[in-house]
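A structural walkthrough
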Amino acid sequence: MTTTMASMAPVDEDVSPKKTKQGGFKTMPFILANEICDRFATAGFNANLITYLTQQLHLPLVEASNLLTNFNGTAAFTPVLGAIIADSFSGRYWAIAGGGVLYQLGMLGLVVSALAPALRPPQCVAGAGATATEPPCQRATGGQLAMLYMSLLLTALGSGGIRPCVVAFGADQFGQRGRRPGGEQKWSYFNLYFFSMGLAVLLALTVVVYIQENVGWGWGFGIPAIAMFVSVLSFVVGYPLYVMGKPEGSPFKRLLQVVVAACKKRKDAVPEDAALLYRNKELDAPIAADGTLLHTDQLRFLDRAAVATTGNVADSSGEPDLWRLSTVHRVEELKSIVRMLPLWAASITLIAAASHNFTFAIQQARTMDRRLTARFQIPPASMIIFTTLTMLVSLALYDRVFVPLARRYTGRHSGITYFQRMGAGFAVSVLGVMAGAFVEAKRRGVAAEHGLLDKPAAVVPISVFWLVPQYALHGMSDALSTVGHLEFLYDQSPESMRSSAAALFWVAGSFGNYLGTVLVTVVQSATKGVWLQDNLNRGRLDYYYWLVTFLLVLNLIYYIVCFHFYTLKTFEVDAGDDVRPRPDSGEAVCESDKLTESRN
């Protein structure tokens, strides 16, 4: 007879006043100030980087687009390294602090490259404003690009320490529901986190982008660099208030031990009775504060790792040789990760589709009428503000309006499950790219009507606000899918691997950006450069958007199929509150006074 419980968060059994002086909402000003300044700095130089590459370094559009998506992909992959370091050696606090310092160095490198004339090609006049006497624009040299690459690499390494840890570190301040005061507010924290991040991005897209376009790139990169310094400082100041989780060794080593043990016993039979598999609660206690994971019938090959045979014991102390024998809990850790991967992978195509908002959509905006008044026009990169605004409004409405209404019908504290939230986000993203295809067809049609097909530098007489629907739909999709995706990874991952699970969130971004590069390269090659051109008026960007729409529809179908076959993680507790998984959701339902028992 076992007691089951769905995973929520790391626990701290001792809730004495001495212990609860640390953690809770009093740590949020320091953590969120760190993240707000970090996001402000990141968005400040990243949102308009396509303009810097094409107009300051004079790179072709497709090359600049691929460079940007490759950089974003690399920056999203480094969190894997950061997660390994945080979970294995340093802990989350020191990973975040160290990452902030590296990021600061990278930002300073960008400032130097923007200010030093020797680190960028000479200014020139291109397009319709060029005359016969003007020298042709010179592409940035290898040495100039090397400085840029080094700065971007440092920012990528810095983000590797920050990204996988800051969300989990913030959630750790609230602990397990019912065991640390404030734990029931953890899921509101996720919404608060993304809302604060959105405010920072909104500020960057208005203030910093305007400075870059109208004042200069020295200040345009300098202000984000100052913000990054404030970010690191604010985080370090809150050190005495934080709940510090101790790293329990590399989780990847434990996963590898399970695989090796299963392979060594590949010829051994797995007993029909799961109770015969090896369990050791004392051994698993440091990595199983939430409770011991229960056995599942999926991926039974891995169960061989927990089959006790002669020679599994390393010495007379009775400690098992973990390269030959693993506990059921450790086997289930690996199973949990493997089960998560298909659903996790569904977000990759979504990110690839959204990557064009920072490249092609900005170039679209540059060709359109951006005037608000006779003297002021919107910077092209600031159009992303509508994605951020919509995300902020959607998060507020979701948390304050939708969830209370949905709770009346579903009985769930969160209104709907994060699985349903992710699926809704995937569906909305299809509409966003579809809207982009319609608008681009109209923009190109207006250019043809006015004889501007061969005048790429001319302003097409169509308002830039035609792009608002596609940006807004992408913002709504982010509010649904991005938050839901992070909740899913945090909740369903083994508790000792939460930094690593958060890294999966960013790795999806890495693969998504790389997929975006591959997609652009394949389309460029297959269409012989007809669809994607420096001259958007002659290109067929709308065809590219329709291709992406088709891929997103296939991705939505794939997600629904994966969800249908997904099995929730369950674990065993000895006493106290019981939180049991429902078969059709990822939310856990707490019942304080009774235990749900299931018989093997």
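Computed from a predicted model, the values in this text were never measured in an experiment.

Time to look at the packing of helix H13 (residues 360-367) against helix H18 (residues 541-564). Contact geometry for H13 and H18: axes closest at 12 Å, N-to-C directions at 145 degrees. Crossing of H13 over H18 shows left-handed handedness. In contact with Phe 360, Ala 361 and Gln 364 of H13, H18 contributes Leu 541, Tyr 544 and Tyr 545. Partitioned by chemical class, the residues of the contact of H13 with H18 number five nonpolar, one polar and no charged.

This model, assessed by the stated rule, comprises five cavities of 30 Å³ or more. Along its surface, the largest cavity is lined by 47 residues, and Arg 39, Ile 351, Phe 358, Asp 478 and Trp 506 are the ones closest to its centre. In terms of residue class, the lining of the largest cavity is made up of 23 nonpolar, 21 polar and three charged. When we break the lining of the largest cavity down by domain, the ones giving at least three residues each are domain 1 (21-124 + 138-174 + 198-249) and domain 3 (334-568).

What follows deals with a nonpolar patch on the surface. A surface patch of nonpolar side chains, amounting to about 580 Å² of accessible area, comprises Val 101, Leu 102, Leu 105, Leu 108, Met 150, Leu 153 and Leu 157. Those elements giving two or more residues to the nonpolar patch turn out to be helix H6 (92-115) and helix H7 (142-172). Among the elements that take part in the nonpolar patch, H6 stands out by supplying four residues, more than any other.

Taking the UniProt record as the reference, the feature "transmembrane region" (unreviewed entry) is found at residues 93-116, 148-171, 192-211, 217-244, 378-398, 418-439, 503-523 and 543-561. A helix fraction of 100% and a strand fraction of 0% characterise residues 148-171, whose end C-alpha atoms lie 35 Å from each other. End C-alpha atoms of residues 503-523 are separated by 30 Å, and the span's content is 100% helix alongside 0% strand.

The largest bend along helix H14 (residues 385-410) reaches roughly 45 degrees and is located at Tyr 398. After H14 finishes, the residue Gly 411 shows a positive phi value of roughly 75 degrees.

Turning next to the confidence of the model for the protein. Residues at a pLDDT of 70 or more form 83% of the protein, whose mean pLDDT is 78. Within the protein, the element-level pLDDT minimum falls on strand S8 (residues 597-598), averaging 31, and the maximum on H18, averaging 92. Low confidence marks residues 1-19, where pLDDT is under 50. Its contacts with residues over four positions away, or in another chain, come to 81 contacts. Taken together, the stretch residues 176-184 has pLDDT below 50 and engages in 40 contacts with residues farther than four places along the chain or on a different chain.

Another aspect to go through is unusual backbone geometry. One non-glycine residue, His 58, lies in positive phi territory at about 60 degrees. Inspection of the secondary structure puts His 58 in the loop between helix H3 (49-56) and helix H4 (61-77). A relative accessible area of 14% places His 58 in the buried class. Of note, Leu 299 is a non-glycine position whose phi angle comes to about 50 degrees, a positive value.

Following the criterion strictly, the structure yields 26 aromatic pairs and no others. With centroids separated by 5.9 Å and ring planes inclined at 50 degrees, the aromatic side chains of Tyr 93 and Tyr 242 adopt a geometry described as tilted. Here Tyr 93 is found in helix H6, whereas its partner Tyr 242 is found in the loop between helix H9 (217-237) and helix H10 (251-264), with 149 residues between them in sequence. Just as Tyr 93 is buried, Tyr 242 falls in that class too.

This part takes up the side chain of His 295. Along the chain, His 295 falls in the loop between strand S2 (292-293) and helix H12 (328-354). Of note is the side chain of His 295, whose polar atom sits 2.9 Å from the side chain of Asp 303. The contacts of His 295, once residues within four sequence positions are left out, are Ala 274, Leu 277, Arg 279, Arg 300, Asp 303, Val 328, Glu 332 and Lys 335.

A few words now on the packing of helix H15 (residues 418-449) against helix H16 (residues 468-492). Remark: H15 packs on H16, axes separated minimally by 7 Å, with the N-to-C direction vectors making an angle of 155 degrees. With respect to H16, the element H15 is oriented roughly antiparallel. As H15 packs across H16, the resulting crossing turns out to be left-handed. Looking at the contact of H15 with H16 residue by residue, the class counts come to 16 nonpolar, 11 polar and three charged.

Topologically, Arg 498 is positioned in helix H17 (residues 498-526). Residue Arg 498 is classed as buried on the basis of its relative accessible area, which comes to 1%. Residues Arg 498 and Asp 172, 326 residues apart in the sequence, show an inter-C-alpha distance of 9.9 Å.

Counting residues in hydrophobic clusters, the biggest one holds 134 residues, and the most contacted among them are Phe 488 and Tyr 544. At 11 residues, H12 tops the list of elements feeding residues into this core. With near-sequence residues (within four places) excluded, Tyr 544 lies in contact with His 356, Phe 360, Leu 519, Val 520, Val 523, Trp 531 and Leu 532. Of all hydrophobic cores here, the second largest spans six residues; its members include Tyr 398, Ala 406, Val 428 and Leu 480.

Another point: the pattern of salt bridges. Applying the stated criterion across every chain, the model contains 12 salt bridges. Among the salt bridges present, the one from Glu 440 reaches Arg 443, with a minimum N-O distance of 2.9 Å. Placement of both Glu 440 and Arg 443 in helix H15 is noted, with a separation of three residues, approximately one turn of the helix. Just as Glu 440 is buried, Arg 443 falls in that class too. Measuring nitrogen to oxygen at the nearest pair gives 2.9 Å for the salt bridge that ties Asp 454 to Arg 538. Residue Asp 454 is found in the loop between H15 and strand S4 (460-463), and its partner Arg 538 is found in the loop between H17 and H18; the two are separated by 84 residues along the sequence. Through salt bridges with shared partners, a single ionic network connects Asp 297, Arg 300, Asp 303, Glu 332 and Lys 335.

The rules behind each value
Residues numbered from 1 in each chain as written. Predicted model: local features only at pLDDT ≥ 70, side-chain atom pairs only at ≥ 80, totals over all residues. Heavy atoms only, no water. Axes fitted to C-alpha atoms, helices over the stretch in contact; angles between N-to-C directions. Helix = DSSP H or I, 4+ residues; strand = E, 2+ residues; numbered from the N terminus. Left-handed = near helix turned anticlockwise from the far one by under 90°. Contact = heavy atoms within 4.5 Å. Nonpolar A, V, L, I, M, F, W, Y, C, P; charged D, E, K, R; others polar. 1 Å grid on protein atoms, 1.4 Å probe; cavity = no way out; pocket = protein on both sides within 12 Å on 5 of 7 lines; lining within 4 Å. Points joined across faces, edges and corners; volume = space filled by probe spheres on them. Domains from an automatic or database assignment. Patch = residues over 30% accessible without salt bridge, like charges linked within 9 Å, V, L, I, M, F, W, Y side chains within 5 Å. Areas by Shrake-Rupley, 256 points an atom, 1.4 Å probe, with all protein chains shown as cover. Salt bridge = Lys/Arg side-chain N within 4 Å of Asp/Glu carboxyl O. UniProt positions renumbered as here; feature names shortened; annotations may be inferred. Bend = angle between axes of the 7 residues up to and from the residue. pLDDT = per-residue confidence, 0-100. Buried < 20%, exposed > 50% of the residue type's maximum accessible area, 1.4 Å probe, protein only. Phe/Tyr/Trp six-rings, centres within 6.5 Å; stacked < 30°, edge-to-face > 60°. Polar contact = N/O pair within 3.5 Å; in protein donor to acceptor, adjacent residues only side chain to side chain. Parallel < 35°, antiparallel > 145°, perpendicular 65-115°, else oblique. Core = buried A, V, L, I, M, F, W, Y, C linked by side-chain atoms within 4.5 Å.

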